[in-house]
Each structure stands twice: as structure tokens, then as C-alpha cells.
Amino acid sequence: MKMNVTNNTSHDSKLEIQKSRRESLQQRNALLTMRLNSTNPQRMVKKPWRASNSHQQTPHHKTSPTITSKIPSPVRRPLRGNDNSPNRLPLTKRPTVDNTIHASKIPSPIRYIKNNNAIVTSSTTATTSNVTENDYGKIFSSPKLYKQLTLQDFEIGKKLGKGKFGKVYCVKHKESGFICALKAMDKSEIIQYNLQRQFRREVEIQTSLNHPNLTKLYGHFYDDKRVYLIMEYLVYGELYKLLRSHGPFNDIIASRFVYQIADALNHLHEKGIIHRDLKPENILIGFNNVLKLTDFGWSIINPKGVKRKTLCGTIDYLSPEMIRSREYDDTVDVWALGVLTYELVAGDPPFEEDSKELTYKRILKGEIRFPGTVSQDVRDLISRLLKNDPKERILLKEVMVHPWIMRNKPFW
Ligand SMILES: Nc1ncnc2c1ncn2[C@@H]1O[C@H](COP(=O)(O)OP(=O)(O)OP(=O)(O)O)[C@@H](O)[C@H]1O
């Protein structure tokens, strides 16, 4: 639901906004309840969203994509820690995620850009909760409840996915009816990989953040075997899967996505946090194509001016200074945003090669080859983000007002 709030908003229109926000929360809960119960909502038929400035659409653009259940998951090469580091994680392929409900129950998020009335029509059979967004955080941060939370407080729904250290489920908090994502991780594995400190840091950082484009962590609890993270539930899953199934996005969609991630990164940097693992796998999609950056496992609180040296991230997204083992700062996220922007409009990362060594070589060379379908405006932005010298990289605030963004913004 798109709302324009101006400074002169009257009391009445404020009430109107609050009301529509509440309604949209109820709609959200209704859809989530449907998904939790795996009921079969009517297929929501909507006009495919078309870009009004169609000249900007790439030949790859499809107007009505559907997320398919079995999306081939090309090998990504996560790189975690120095080769000698005890914390180095195995360089494994990302696990395949059971995405069946995404495919069968809920249409592509892209269709929601201009037409989200479908949420209303589809929710008639579902039960709704009266919990408002502000209450969500309170439910789990209330000292009384927080201390007492156990797995029994949740109704466990579908498995949403599996990460290296745990499984993620769609769950309903029985008392409030609030639907969220619950990530369960084995304590023994955290200890085995010596990740206690990293885990604690991830929880601390993510709990302290509050931004529309960052996945909220409402709280956590544990039992003898596992620790559980209660997270905001992002109904459409990973941006990576959408990109794989949809192909490159047109400028209107991609610019909106890039704007949101630039905003999220800017917020993190203002708080002195570097994400260090930006990539489409770590971006989840909520209602109305709102993107949420997630996975703060490699984030670090980094006071301004302090440089870091740890090599981390994913090979295709590594910055030249990281590859050269030089000191770096939050501009590594700006580089990664350049790689992400390229991947969104071209379909693949800019320096992708068959081997790690060749990829490194291409990153260091910094030569960007654009497919003919990529517009001049976005080429300009990508070139400014992917500057070899970190000091020359465009500021995130400038990204948000770059001509590519500004020209496409009216069509979001
Ligand atoms: N908040 C969420 N809402 C909806 N789906 C989620 C949420 N968090 C995770 N998922 C799904 O569960 C999958 C596993 O997530 P998880 O965070 O455990 O692992 P990961 O990020 O894929 O890998 P890693 O183990 O490297 O962190 C994700 O790929 C995503 O599809």
C-alpha cells in the first residue's frame, strides 16, 4: 500500500493512514495465516504490472513471472574467513530451499508493485489477528514473555528454508496470533564451528536495528539443544531465487530494489555497522516488493575511521581491497552494491568466472563489460559504485538521488 505522507498531514488523514496501515497488517496476517495452514487460496488474478516507460524494459523482461518451485540453484561460492582461520566455514553450495508454497500459494511479488488489492480479496477465508505492527516487537521484547518463551508457545508451520546452521520455519505465536519466522540452530554446531561470538554479535546487531529495509529480529530464546531466533517473516523469500526465475529486472524494478538496499546500507553505516556479505541470497522480499537485507553473520560494528582486514563475503562480491588483503572500511558494502546492481540488471555478477583465481583477477582489473540491454544511466551508476579506489566510490546518499533512480522513481 503506497502512502504519501507530507508534513502538513492533518489529524484526519493521520487517522486514515493509521487505519490503512492496520488494515494492511490484518491483510498481511491473513495471508500469512493461510500460508501457515497451507490452505488453498483462490489464485489471485491481476493485471501484470507493466512499466509505463516501456523503452526501458530489457528484452529479458517478463511482465508476469511466476516463481517456480524447483529453481535450479547455481553454485555460489561463499567465502568465509581467511583460509587459515579456525572460523572458516566449508565452501559449500548453498542448500536448496523448499520453496513450494511460494510457488503454489502466492503469486510473484513483482505483480504487487502497482496492484495490492489482491491481498484484500484473497484474505476472506483466513483468520486475522488484531495485532498491530507496533505490538509485534513488544510481544517478544516484553520481559515477562521473553523470559518464558519456549517452543511450545509457537505453532510450527511450513519449513521455509535451511541454512548452514539451522532451519527456518513459518510459525504462529499462539497467544498473540502473530506470524513470524523462527530459525532453529543446534547449539552443538555453533560450538563445533566456534561461532558463539559471531552468533552473539549477529543477534546484538540485528536486534538493535530498526529500518524498513532490514529484517527485524524480534527476540531469541533457547532450550537444551537449540537456540531460536524470532524474525520478521518475509513472505516471498530470497531475491536470489526471484532473480533466477525472472531473469534480469527492468530499470524500474531494479532501481527500486537498489534504492531500498542503498537506504538500508546507509542506515547501517550511519550506525557504524558494515554488513560485509551483501548479495541477493541475503535479501528477502516482503509484501509490496519491499526488500529486507538479512544475515548479519558477517556484520561488524566499526567505528568511523577504523579499518578492518578480515576476508569475508562471497567471492563474486569481494572488493579489490579485500582481495589484496588491504585494510578496508564500509565502502566494501558500496562496492558490493555495485555488483548487486549489475547482477539485477544483467542477470549475473560482473566478474563471474569459473575459478576463484580468474574471478579475483577480473575484480582486480575492474573491467566491466555490460550487455547491450543495460541502459546508459545504470551503467553510469555501476561504474561509480565499482571504483577500484574505495575513496572514489559514490556515496550511498548520492546513489539514492542518482539520475537512474530519479528517472525511474515516478514509475515505482
Ligand atoms: N525471515 C525470513 N522469512 C522468510 N524466509 C526466511 C527468513 N529467514 C530465512 N528464510 C528462508 O530460509 C532460508 C535459510 O535461511 P538461513 O538464514 O538459515 O540461511 P542462509 O541465509 O541461506 O544461509 P546461512 O546459513 O549462510 O546464513 C533462506 O534461504 C530463506 O529462504
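In the nomenclature of an unreviewed UniProt entry, the protein chain is known as Aurora kinase of Naumovozyma dairenensis. Within the UniProt record for the protein chain, the comment given under Sequence similarities (unreviewed entry) is "Belongs to the protein kinase superfamily. Ser/Thr protein kinase family. Aurora subfamily."

Caption draft 1: A look at the overall build of the protein chain. Within the protein chain, the regular secondary structure consists of 15 helices and eleven strands. Taking the contacts inside the protein chain whose residues are at least 6 apart along the sequence as the reference set, 70% of them involve residues at least 24 apart.

Caption draft 2: How the structure looks around the sheet that holds strand E4 (residues 179-186). Taking strand neighbours across the sheet as the criterion, the five strands line up as E2-E3-E4-E6-E5 in an open arrangement whose pairing is antiparallel. If you trace the sheet from one side to the other, it starts and ends with strand E2 (154-162) and strand E5 (217-222), each paired once. Each neighbouring strand pair of the sheet contributes to a mean axis angle of 25°, computed without reference to strand direction.

Caption draft 3: Region of the structure containing the nonpolar core. Grouped together as the largest cluster of nonpolar side chains are 77 residues, with contacts concentrated most on Cys180, Ile261 and Leu337. If we ignore the near neighbours within four places in the chain, the residues touching Leu337 are Ile261, Ala262, Leu265, Leu278 and Leu385.

Caption draft 4: Representation of the domain arrangement of the protein chain in the model. Under the domain assignment, the protein chain is made up of domain 1 (151-231) and domain 2 (237-409). A separation of 26 Å is found between the C-alpha centroids of domain 1 and domain 2. Across the boundary between the two partners, domain 1 contributes nine residues, which contact 16 residues of domain 2. Of the residues belonging to the side of domain 1 that touches domain 2, the class tally is three nonpolar, five polar and one charged.

Caption draft 5: How the structure looks around the packing of helix H11 (residues 331-346) against helix H13 (residues 376-385). Between H11 and H13, the least distance of the axes is 8 Å, while the angle of their chain directions is 150°. In this view, H11 runs roughly antiparallel relative to H13, as classed from their interaxial angle. Between H11 and H13 lies a crossing of left-handed hand. For the pair formed by H11 and H13, the contact residues are Val334, Trp335, Leu337, Gly338, Thr341, Tyr342 and Val345 on the first element and Val378, Leu381, Ile382 and Leu385 on the second. In terms of residue class, the contact of H11 with H13 is built from nine nonpolar, two polar and no charged.

Caption draft 6: The arrangement of the site of the ligand in detail. Taken together, 22 residues form the shell around the ligand, and within it Gly161, Gly163, Lys164, Val168 and Ala181 come nearest. Mapped onto the shell around the ligand, the elements with two or more residues apiece are E2, strand E3 (166-173) and E4. In terms of residues, the shell around the ligand owes the most to one element, E2, which gives three residues. Its residues assigned to classes, the shell around the ligand shows nine nonpolar, six polar and seven charged.

Caption draft 7: Seen up close, the UniProt feature "active site" (unreviewed entry) in the protein chain. UniProt tags Asp277 as "active site" (unreviewed entry). By the C-beta count within 10 Å, which is 24 here, Asp277 ends up buried.

Caption draft 8: Fine view of H13. Residues of H13 that are buried include every one of Val378, Leu381, Ile382 and Leu385, and no others. Along the long axis of H13, the arc covered by the buried residues comes to 100°, so they all point the same way.

Caption draft 9: Just unusual backbone geometry, in detail. Phi at Arg276 takes a positive value of approximately 70°, unusual for a residue other than glycine. Secondary-structure assignment places Arg276 in the loop between strand E7 (273-274) and strand E8 (283-285). Residue class for Arg276 comes out buried when judged on the 25 C-beta atoms lying within 10 Å of it. Despite not being glycine, Asn288 has its phi angle at roughly 55°, a positive value. With respect to the element layout, Asn288 can be found in the loop between E8 and strand E9 (291-293). In this structure Asn288 comes out as partly exposed when scored by C-beta crowding, with 15 C-beta atoms within 10 Å.

Caption draft 10: Seen up close, the environment of Gly247. Looking at where Gly247 falls in the secondary structure, it is placed in the loop between helix H8 (239-246) and helix H9 (251-270). Spatially, the C-alpha atoms of Gly247 and Gln148 are 45 Å apart, while their sequence positions differ by 99 residues.

Caption draft 11: Broad picture of the pairing of E5. Of the strand pairs in this sheet, E5 and strand E6 (residues 226-231) are connected by five bridges, and their pairing is antiparallel. Residue Leu217 lies in a different strand from E6, and its bridge partner there is Met231. Turn length for the E5-E6 hairpin, with the two strands adjacent in sequence and antiparallel, is three residues.

Caption draft 12: Representation of the pairing of E3 within the structure. For E3, the buried fraction is high: six of the eight residues fall into the buried class. Looking at chain direction, E2 and E3 are connected through six bridges and run antiparallel. Within E3, the position partnered with Lys162 by the bridge is Lys167. Between E2 and the antiparallel strand that follows it, E3, lie three residues. Here seven bridges tie E3 to E4, and the two strands are oriented antiparallel to one another. Within E4, the residue paired with Tyr169 across the bridge is Leu182. Count of turn residues in the E3/E4 antiparallel hairpin: five residues, of which Gly177 carries a positive phi of about 80°.

Caption draft 13: View of the packing of H9 against H11. It is at 10 Å that the axes of H9 and H11 come closest, and there the two elements cross at 165°. Here H9 is positioned roughly antiparallel relative to H11, judged by the angle of their axes. Every pair of crossing elements has a handedness; the one defined by H9 and H11 is right-handed. Facing Ala254, Phe257, Val258, Ile261, Ala262 and Leu265 of H9, the residues of H11 in contact are Asp333, Leu337, Leu340, Thr341, Leu344 and Val345. Among the residues making up the contact of H9 with H11, the classes are represented as ten nonpolar, one polar and one charged.

Here is what the cut-offs are and how they apply
- Residues numbered from 1 in each chain as written.
- Predicted model: local features only at pLDDT ≥ 70, side-chain atom pairs only at ≥ 80, totals over all residues.
- UniProt positions renumbered as here; feature names shortened; annotations may be inferred.
- Helix = DSSP H or I, 4+ residues; strand = E, 2+ residues; numbered from the N terminus.
- Contact = placed C-beta atoms within 7 Å.
- Pairing = 2+ DSSP bridges.
- Axes fitted to C-alpha atoms, helices over the stretch in contact; angles between N-to-C directions.
- Core = buried A, V, L, I, M, F, W, Y, C linked by C-beta atoms within 7 Å.
- Buried ≥ 20, exposed ≤ 12 C-beta atoms within 10 Å, placed from the backbone.
- Domains from an automatic or database assignment.
- Nonpolar A, V, L, I, M, F, W, Y, C, P; charged D, E, K, R; others polar.
- Parallel < 35°, antiparallel > 145°, perpendicular 65-115°, else oblique.
- Left-handed = near helix turned anticlockwise from the far one by under 90°.
- Near = placed C-beta within 6 Å.
- Arc of directions from axis to C-beta.

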